[in-house]
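Listed here are the chains, written in short residue letters.
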Amino acid sequence: MNDYKLLTPGPLTTTRTVKEQMLFDHCTWDDDYKAITQRIRAELVELAHCDPSHYTAVLMQGSGTFGVESVITSVVGKDEKVLLCTNGAYGDRQVKICEHAGVRYVRYAEPYDCIPSAARVAELLDADPTITHVSMIHSETTSGLLNDIEDVARVAKSRARTVIVDAMSSFGGVDIPVEEWGIDFLVSSANKCIQGVPGFSFIIANRDALEASRGKARSLSLDLYDQWRGLEDGQGKWRYTSPTHVVLAFAKALDEMRAKGGLPARAARYALNNRLIIARMAKLGFSTYLMDHQGPIITTFLYPEGADFDFADMYAFIKERGYAIYPGKLTDEETFRLGNIGEIYVDDIERVTTLFAEYMDARGLLEAACGAADLAEALARMDAAGADIKAEAPDNVKLAA
Ligand SMILES: *Cc1c(COP(=O)(O)O)cnc(C)c1O
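Residues numbered from 1 in each chain as written. Predicted model: local features only at pLDDT ≥ 70, side-chain atom pairs only at ≥ 80, totals over all residues. Heavy atoms only, no water.

Engineer: For this particular structure, what's the right way to read the overall build of the protein?
Structural biologist: Counting its regular elements, the protein contains 14 helices and 15 strands. Seen along its three principal axes, the alpha-carbon backbone of the protein occupies a region of about 65 × 55 × 35 Å. In the protein, the share of contacts with a sequence separation of at least 24, taken over all contacts with a separation of at least 6, comes to 71%. When the accessible surface of the protein is split by element, carbon and sulfur atoms take 51% of a total near 16,100 Å². If you average the places of the 42 positive and of the 58 negative side-chain charges in the protein, the two averages end up 4 Å apart. (Helix = DSSP H or I, 4+ residues; strand = E, 2+ residues; numbered from the N terminus. Contact = heavy atoms within 4.5 Å. Areas by Shrake-Rupley, 256 points an atom, 1.4 Å probe, with all protein chains shown as cover. Lys, Arg positive; Asp, Glu negative; His and termini not counted. Charge placed at Lys NZ, Arg CZ, Asp CG, Glu CD.)

Here it is in structure tokens:
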């Protein structure tokens, strides 16, 4: 099988050096290992701009959904109720989590291309004093949209509600001042913007809110409070078997992130990748599904009108040449998605968009899709569209790996 890079929003392409960490079978109980876990926890709190005397980080085995499920089923008590603000599949998943665990909830649903409004959240909270928690998604990976968590959190905080944010696909790639914005529980996972491999999620948690959740958990293994106590009392000892290889890889990913300019540099690189991919794809006739609130992580594209695309055929063509793209997740429109996070640089964006042009040329779709007479013309238009964006790239962005 040919090697390829992932343009999926996690798992994503990681560095060789991160992967190499997994060649070592580390034991879980000694001080070396516990120190690694503790350092990861401290660094996550720092990345979230939180005062460690107010906030802590809890690592939880499993994929990102396990982290979200852990928070929702551990912190919303039996007599409490969570307002779920949804505008995509990951918001819908929180509804399912509540249904399964019997967590009381109210849903505030927006269409997938609109953001939940803070004013509406305020109205809902004022109308229903039994709502104790507000939950929402930051980067809705379904569409690529970036929600305004700052505004919603402010409204919820001013009404003394606990705030839960799924920042799975944004934390580490978009700056989030968690404490300043009044977020009590923020969930992300190892295999997204920190650029580790899959295997655990993590929760940045307000210590007071975490204390208040004691005894509320519905699940044993996903009990957030217990997991936290385990990590604290054992000074970095995981409650049950820890994903050692993944943890070592994650520690390395954090080191590499810091060495390459930290979060500002990473956010700038992702934002540049995103602008460039959108600008170049536009020249081939692909428009973005979102008119507003496009985030810098992943983009949903609509097919050009009047040209007949076959996703499976296009996927195979591009994958054979080194990149795995991502199907759409919208039920009502024909779309596909391109993620731009992970070890992906301007070089990759140019290469993969060139592959789209070559595919269209090979299938005779170019003219109908974008009016270019031939491949050379299409590529020239794309390069012209990207030139200014590249020229404006901040100094802390490397254009190639
Ligand atoms: C990736 C992701 C998740 C978690 O998905 P898993 O497949 O469980 O890792 C949750 N929410 C968002 C917004 C995501 O992008």
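Now that the structure has been shown, the text picks up again.
Engineer: Is there a simple way to think about the site of the ligand in this case?
Structural biologist: Around the ligand, the surrounding shell consists of Ser63, Gly64, Thr65, Tyr90, Arg93, Ile137, Ser139, Thr141, Asp166, Met168, Ser169 and Lys192. Serine 63 is positioned with one of its side-chain polar atoms (N or O) 2.5 Å from an oxygen atom of the ligand. Between glycine 64 and the ligand, the recorded distance is 3.0 Å, taken from a backbone N or O atom to an oxygen atom. A total of 380 Å² of accessible area belongs to the ligand in isolation, and the protein chains cover 86% of it. (Near = heavy atom within 4 Å. Polar contact = N/O pair within 3.5 Å; in protein donor to acceptor, adjacent residues only side chain to side chain.)

Engineer: What is the right way to read the domain arrangement of the protein from this model?
Structural biologist: Put simply, an interface is often sized by how much accessible area is lost when its parts join up. The domain boundaries assigned to the protein delineate domain 1 (14–259) and domain 2 (262–391). Placing a centre on the C-alpha atoms of domain 1 and another on those of domain 2 gives a separation of 31 Å. Facing the 27 residues of domain 1 at the interface are 22 residues of domain 2. The junction of domain 1 with domain 2 conceals about 2,100 Å² of combined surface from both sides, 60% of it contributed by carbon and sulfur atoms. Of all residues in domain 1, Ser143, Gln195 and Met257 give up the largest surface area on contact with domain 2, accounting jointly for 23% of the area buried on that side. Put simply, domain 1 and domain 2 have 0 salt bridges between them. Looking at the side of domain 1 that touches domain 2, the elements that each hand over two or more residues are helix H4 (89–101), strand E7 (145–146) and helix H9 (244–259). No other element matches the 3 residues that H4 contributes to the side of domain 1 that touches domain 2. (Domains from an automatic or database assignment. Buried area = accessible area lost by both parts, 1.4 Å probe. Salt bridge = Lys/Arg side-chain N within 4 Å of Asp/Glu carboxyl O.)

Engineer: Can you walk me through the UniProt feature "domain: Aminotransferase class V" (unreviewed entry) in the protein in this structure?
Structural biologist: Mapped onto this numbering, the UniProt entry gives "domain: Aminotransferase class V" (unreviewed entry) at residues 38–328. Its end C-alpha atoms 38 Å apart, residues 38–328 is made of 41% helix and 19% strand. (UniProt positions renumbered as here; feature names shortened; annotations may be inferred.)

Engineer: What should I look at first to understand the sheet that holds strand E12 (residues 298–302) in this one?
Structural biologist: What holds strands together in a sheet is hydrogen bonding between their backbones, with the strands either parallel or antiparallel. Judged by pairing direction, the sheet is antiparallel, and its 4 strands sit side by side in the order E11-E12-E15-E14 without closing on themselves. A strand with exactly one partner marks an edge of an open sheet, and here the two such strands are strand E11 (287–288) and strand E14 (326–327). As paired elements, E14 and strand E15 (residues 335–339) share 2 bridges and run antiparallel to each other. Along E15, the bridge assignment pairs tyrosine 326 with arginine 337. (Pairing = 2+ DSSP bridges.)

Engineer: Just checking my understanding: could you explain the nonpolar core for this structure?
Structural biologist: Note on soluble globular proteins: their nonpolar side chains tend to be buried together. Grouped together as the largest cluster of nonpolar side chains are 80 residues, with contacts concentrated most on Phe171, Ile183, Phe185 and Ile204. Not counting residues within four places of it along the chain, the set of residues in contact with phenylalanine 185 comprises Val71, Val75, Thr162, Val163, Ile164, Val165, Ile203, Ile204, Ala205, Ala209, Leu210 and Leu224. Grouped together as the second largest cluster of nonpolar side chains are 39 residues, Ile277, Ala357, Tyr359 and Val397 included. (Core = buried A, V, L, I, M, F, W, Y, C linked by side-chain atoms within 4.5 Å. Buried < 20%, exposed > 50% of the residue type's maximum accessible area, 1.4 Å probe, protein only.)

Engineer: What's the story with helix H2 (residues 31–47) in this structure? I'm lost.
Structural biologist: Compared with an ideal rise of 1.5 Å per residue, which puts 17 residues at 24 Å, H2 spans 24 Å between its outermost C-alpha atoms and is within 8% of the ideal. Within H2, the full set of buried residues consists of Tyr33, Lys34, Ile36, Thr37, Ile40, Arg41, Glu43, Leu44, Val45 and Leu47. Against strand E2 (55–61), strand E10 (200–206), helix H8 (224–233), H9 and helix H10 (262–283) lie the buried residues of H2. Where H2 terminates, the next one or two residues include histidine 49, which has phi positive at roughly 60°. (Expected span 1.5 Å × (residues − 1).)

Engineer: Which parts of the structure should I look at to understand the pattern of salt bridges?
Structural biologist: When the charged atoms of two side chains with opposite charge come close together, those side chains can pair. Within this structure, the stated rule accounts for 25 salt bridges. Residues glutamate 43 and arginine 39 are paired through a salt bridge, measuring 3.0 Å at the closest nitrogen-oxygen approach. Of this pair, glutamate 43 and arginine 39 both sit in helix H2, separated by 4 residues, roughly a single helical turn. Given a relative accessible area of 34%, arginine 39 falls into the partly exposed group. Here arginine 154 makes a salt bridge to glutamate 150, at a shortest N to O gap of 3.5 Å. Within this pair, arginine 154 and its partner glutamate 150 are both found in helix H6 (residues 149–158), separated by 4 residues, close to a single helical turn. Here the residues in one salt-bridge network are Arg39, Glu43, Asp255 and Arg258, joined through shared partners.

Engineer: Teacher, can you tell me more about the environment of threonine 13 here?
Structural biologist: Mapped onto the elements, threonine 13 comes out in the loop between strand E1 (5–6) and helix H1 (16–20). Separated by 184 residues in the primary sequence, threonine 13 and valine 197 have C-alpha atoms spaced 8.8 Å apart. Setting aside residues no more than four positions away along its own chain, threonine 13 makes contact with Lys5, Leu6, Gly342 and Glu343.

Engineer: Just to check I follow, could you spell out a negative patch on the surface for this structure?
Structural biologist: Side chains of Asp113, Asp292, Asp332 and Glu333 sit close together on the surface and give a patch of like negative charge. Examined against the element boundaries, aspartate 332 turns out to sit in the loop between E14 and E15. (Patch = residues over 30% accessible without salt bridge, like charges linked within 9 Å, V, L, I, M, F, W, Y side chains within 5 Å.)

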